[in-house]
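# Report on the structure
Take a look at the letters that make up each chain.
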Amino acid sequence: MMTAQMNISVKIVTVIGLVLGAVFGMAGTFVAARNLQAASWAIDGVGLIVATALLALQFFRKGNDIVAAGFLVFTCASSVMLIGTATNLEGSVPSFGAGTALWCAALLLTSVPRDLLSGFA
């Protein structure tokens, strides 16, 4: 009984993190004031970090290590991007570039079909 409740709680926290990431990421793009933009993107980053860390654990428990690694890389990418919220837009370009590169790697890892990996087992 406790495990089922915990699984539901983890799923709810994951969904909340993804929703916060989506809503505040877009809000930060449309806000003109830099302090509101930074705050929106900080909430976006933290929400995505929490959600993707939980997704990594879920996929790891299911035995899908490559997808789990992809979500861990996404967690790292969001962490790197979060650094850019502490500076001005021009100063955040290096962390944005590094985060984008990590996002690309994460997307590749989370998109690998399970059938493709069965040949390596």
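What you see is a predicted model; the values in this text were computed from it and never measured. (Residues numbered from 1 in each chain as written. Predicted model: local features only at pLDDT ≥ 70, side-chain atom pairs only at ≥ 80, totals over all residues. Heavy atoms only, no water.)

### Describing the overall build of the protein chain
The following threshold applies: Numbering of helices and strands starts at the N terminus; helices are DSSP runs of H or I of at least 4 residues and strands are runs of E of at least 2. Contact criterion: two residues are considered in contact whenever any of their non-hydrogen atoms come within 4.5 Å of each other. Every accessible area reported is derived by Shrake-Rupley at a probe size of 1.4 Å, with residue values counting cover from the shown protein chains alone. The convention is simple: Lys and Arg are positive, Asp and Glu are negative, and His and the chain ends are not counted. Charged groups are reduced to one reference atom each: NZ for lysine, CZ for arginine, CG for aspartic acid, CD for glutamic acid.
Looking only at helices and strands, the protein chain features five helices and zero strands. Going from N to C terminus, the protein chain has its helices and strands arranged as α-α-α-α-α. Considered along the principal axes of its C-alpha atoms, the protein chain spans approximately 50 × 35 × 20 Å. Taking the contacts inside the protein chain whose residues are at least 6 apart along the sequence as the reference set, 61% of them involve residues at least 24 apart. Element-wise, carbon and sulfur atoms account for 77% of the exposed surface of the protein chain, whose accessible area totals about 7600 Å². With 5 positive and 4 negative side-chain charges, the protein chain shows a spacing of 12 Å between the two charge centroids.

### What about helix α3 (residues 65-83)?
To keep it simple, the criterion reads: Between the first and last residue of a helix there are one fewer steps than residues, each counted as 1.5 Å, and that sum is the expected span. We call a residue buried when its accessible area falls under 20% of the maximum for its residue type, exposed when it is over 50%, and partly exposed in between, using a 1.4 Å probe and counting protein chains only.
When the terminal C-alpha atoms of α3 are compared, their 27 Å separation across 19 residues agrees well with the 27 Å that a helix rising 1.5 Å per residue should span. Along α3, the positions that sit buried rather than exposed are Val67, Ala68, Gly70, Phe71, Thr75, Ala77, Ser78 and Met81. Its buried side turned inward, α3 meets α2 (34-61) and α4 (93-111).

### Describing the packing of aromatic side chains
Selection criterion: The aromatic pairing rule takes the rings of Phe, Tyr and Trp, using the six-membered ring of Trp, and pairs them if the centres are within 6.5 Å, calling planes under 30 degrees apart stacked, those over 60 edge-to-face and the rest tilted. In this scheme, the term charge over a ring applies when either NZ of a lysine or CZ of an arginine sits within 6 Å of the ring centre and within 35 degrees of the ring normal.
Going through the model one piece at a time under the given rule, you end up with two aromatic pairs. One cation-aromatic arrangement involves Lys62 over Phe59; the distance from NZ or CZ to the ring centre is 5.6 Å.

### Some thoughts on the environment of Ser111
Looking at where Ser111 falls in the secondary structure, it is placed in helix α4. For the pair formed by Ser111 and Gly70, sequence separation is 41 residues and the distance between their alpha carbons is 8.5 Å.

### A word on the packing of α2 against α3
Using the following cut-off: For helices, the fitted line uses only the C-alpha atoms of the stretch in contact; every axis is such a line through C-alpha atoms, and the angle between N-to-C directions lies from 0 to 180 degrees. Roughly parallel here means an angle under 35 degrees, roughly antiparallel means over 145, roughly perpendicular means 65 to 115, and every remaining angle is called oblique. Here a crossing is called left-handed whenever its near helix is offset anticlockwise from the far helix by less than a right angle, and right-handed whenever the offset is clockwise. Under the grouping applied here, Gly and all other residues not named as nonpolar or charged are polar, the nonpolar ones being Ala, Val, Leu, Ile, Met, Phe, Trp, Tyr, Cys and Pro and the charged ones Asp, Glu, Lys and Arg.
Look at α2 against α3: their axes get within 8 Å of each other, and the N-to-C directions meet at 165 degrees. With respect to α3, the axis of α2 lies roughly antiparallel. Considering only the axes of α2 and α3, their crossing is left-handed. Together, Trp41, Ala42, Gly45, Val46, Leu48, Ile49, Thr52, Ala53, Leu55, Ala56, Phe59 and Phe60 of α2 and Asp65, Val67, Ala68, Phe71, Leu72, Phe74, Thr75, Ser78, Ser79 and Leu82 of α3 make up the contact between the two elements. For the contact of α2 with α3, a count of residues per class yields 16 nonpolar, five polar and one charged.

### Focus on the side chain of Gln37
Stated formally: Whenever two N or O atoms come within 3.5 Å, that pair is a polar contact, provided that in protein one can donate a hydrogen and the other can accept it, and provided that, for residues adjacent in sequence, both atoms are side-chain atoms.
Structurally, the position occupied by Gln37 is in helix α2. Gln37 gets classed as buried once you look at its relative accessible area, which sits at 8%. Looking at Gln37, its side chain comes within polar contact range of the main-chain oxygen of Gly28, at 3.2 Å. The contacts of Gln37, once residues within four sequence positions are left out, are Gly28, Val31 and Leu89.

### Observations regarding the side chain of Ser95
As for its placement among the helices and strands, Ser95 is situated in helix α4. According to the relative accessible area criterion, Ser95 is buried, its value standing at 12%. Within the structure, Ser95 has its side chain in polar contact with the backbone nitrogen of Gly84 (distance 3.5 Å).

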